[in-house]
Amino acid sequence: MNYRVIKSNDLFLTTDQSGDIPKDNDQGFGLYMKDTRFLNRMEIFIEGEKPILFSSAAEENYQATFRLTNQLIEQDGKMVLRKGSIELERKRFIYEGVLYETFLFTNYSPHPVAFDFSVILDADFKDMFVIRGYKEGKLGRHTGTSQENNMLTITYVGAEPLERETRIIWDTPITRV
């Protein structure tokens, strides 16, 4: 199976085996609520590189766990981060209509390490049946992305015109958007 799915009531998430929703994916990966995709991109990077997958499992229909590690990171011919120095445990679950995700890093290097960890997110708010090619129609428009403290909000006005938004909240302040 080349994908992972978790679901609870009207909310479901489909991702690749690493837990990502890659940019411009043609598999329909995303976070959906009532047939609308509220996230169409969710990718993580360590020092700008995609982590390497160790394992992934979605043993319960509402939760999933992913174990990943860093690639070899070099800069100007010098090793910055040895391959496999950092283990990343990515856990997520859905509860009461909200997707929760945690990232736990373990350093297996004999020395302290510093690295950039980034998450790229986007929302297109497309209808699931448009994505699957079963339906055509007018699409709405992306109306903005805003960041305040530890929250990122992506907004959209549909053709209906119905306003939608995706809110992503971190437990620590966002450093860059």
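A brief report on the enclosed structure follows. What you see is a predicted model, and the numbers here were worked out from it, not measured in a lab.

Cut-offs used in this document
- Residues numbered from 1 in each chain as written.
- Predicted model: local features only at pLDDT ≥ 70, side-chain atom pairs only at ≥ 80, totals over all residues.
- Heavy atoms only, no water.
- Salt bridge = Lys/Arg side-chain N within 4 Å of Asp/Glu carboxyl O.
- Buried < 20%, exposed > 50% of the residue type's maximum accessible area, 1.4 Å probe, protein only.
- Core = buried A, V, L, I, M, F, W, Y, C linked by side-chain atoms within 4.5 Å.
- Helix = DSSP H or I, 4+ residues; strand = E, 2+ residues; numbered from the N terminus.
- Contact = heavy atoms within 4.5 Å.
- Pairing = 2+ DSSP bridges.
- Axes fitted to C-alpha atoms, helices over the stretch in contact; angles between N-to-C directions.

Some remarks on the pattern of salt bridges
Okay, so step 1: Overall, the coordinates contain ten salt bridges when judged by the stated rule.
Okay, so step 2: Between Arg-92 and Glu-101 there is a salt bridge, and its shortest N-O distance comes to 3.0 Å.
Okay, so step 3: Take Arg-92: its relative accessible area is 2%, and that puts it in the buried class.
Okay, so step 4: Among the charged side chains, a network of salt bridges with common partners joins Asp-20, Arg-41, Glu-43, Lys-50, Arg-90, Arg-92 and Glu-101.

Overview of the nonpolar core
Okay, so step 1: Formed by 22 residues in total, the largest nonpolar core has its most connected members in Leu-13, Ile-21, Leu-39, Met-42, Leu-121 and Phe-125.
Okay, so step 2: For this core, the elements supplying multiple residues, two or more each, are strand 2 (11-16), strand 4 (36-39), strand 5 (41-46), strand 7 (63-69), strand 10 (86-95) and strand 14 (151-157).
Okay, so step 3: Look past the residues within four positions of Leu-13 in its chain and what remains in contact with it is Arg-4, Val-5, Ile-6, Ile-21, Gly-30, Leu-31, Met-42, Arg-92 and Leu-99.

Description of the environment of Val-5
Okay, so step 1: In this fold, Val-5 is placed in strand 1 (residues 3-8).
Okay, so step 2: Here the alpha-carbon distance between Val-5 and Glu-163, two residues 158 residues apart in the chain, equals 27 Å.
Okay, so step 3: Contacts of Val-5, omitting those with residues within four sequence positions, involve Leu-13, Thr-14, Ala-58 and Asn-61.

Remarks on the sheet that holds strand 6 (residues 52-60)
Okay, so step 1: On the basis of which strands lie adjacent, the open sheet formed by four strands has the order 6-7-10-11 and antiparallel pairing. Where the open sheet ends on each side, the last strands, each with one partner, are strand 6 and strand 11 (98-107). Neighbour-to-neighbour, the strand axes of the sheet open up by a mean angle of 15°, direction not taken into account.
Okay, so step 2: Note that strand 10 and strand 11 share ten bridges and pair antiparallel. What sits directly across from Leu-88, in strand 11, is Phe-105.

What to know about the side chain of Asn-25
Okay, so step 1: With respect to the helices and strands, Asn-25 occurs in the loop between strand 2 and strand 3 (30-33).
Okay, so step 2: Overall, Asn-25 belongs to the buried group, its relative accessible area being 15%.

Quick word on the sheet that holds strand 15 (residues 163-169)
Okay, so step 1: Ordered by their spatial adjacency, three strands build an open sheet running 13-14-15, and the pairing between neighbours is antiparallel. Strands at the two margins of the open sheet, each flanked by one partner only, are strand 13 (141-148) and strand 15. Neighbour-to-neighbour, the strand axes of the sheet open up by a mean angle of 15°, direction not taken into account.
Okay, so step 2: Sheet analysis places strand 13 next to strand 14, joined by seven bridges and oriented antiparallel.

Notes on the pairing of strand 10
Okay, so step 1: Counting buried residues in strand 10 gives seven out of ten residues, a clear majority hidden from the surface.
Okay, so step 2: As paired strands, strand 7 and strand 10 are joined by seven bridges and run antiparallel to one another. Each residue of the ladder has a partner; that of Thr-69, found in strand 10, is Glu-87.
Okay, so step 3: Turn length for the strand 10-strand 11 hairpin, with the two strands adjacent in sequence and antiparallel, is two residues, and the turn residue Glu-96 shows positive phi of about 50°.

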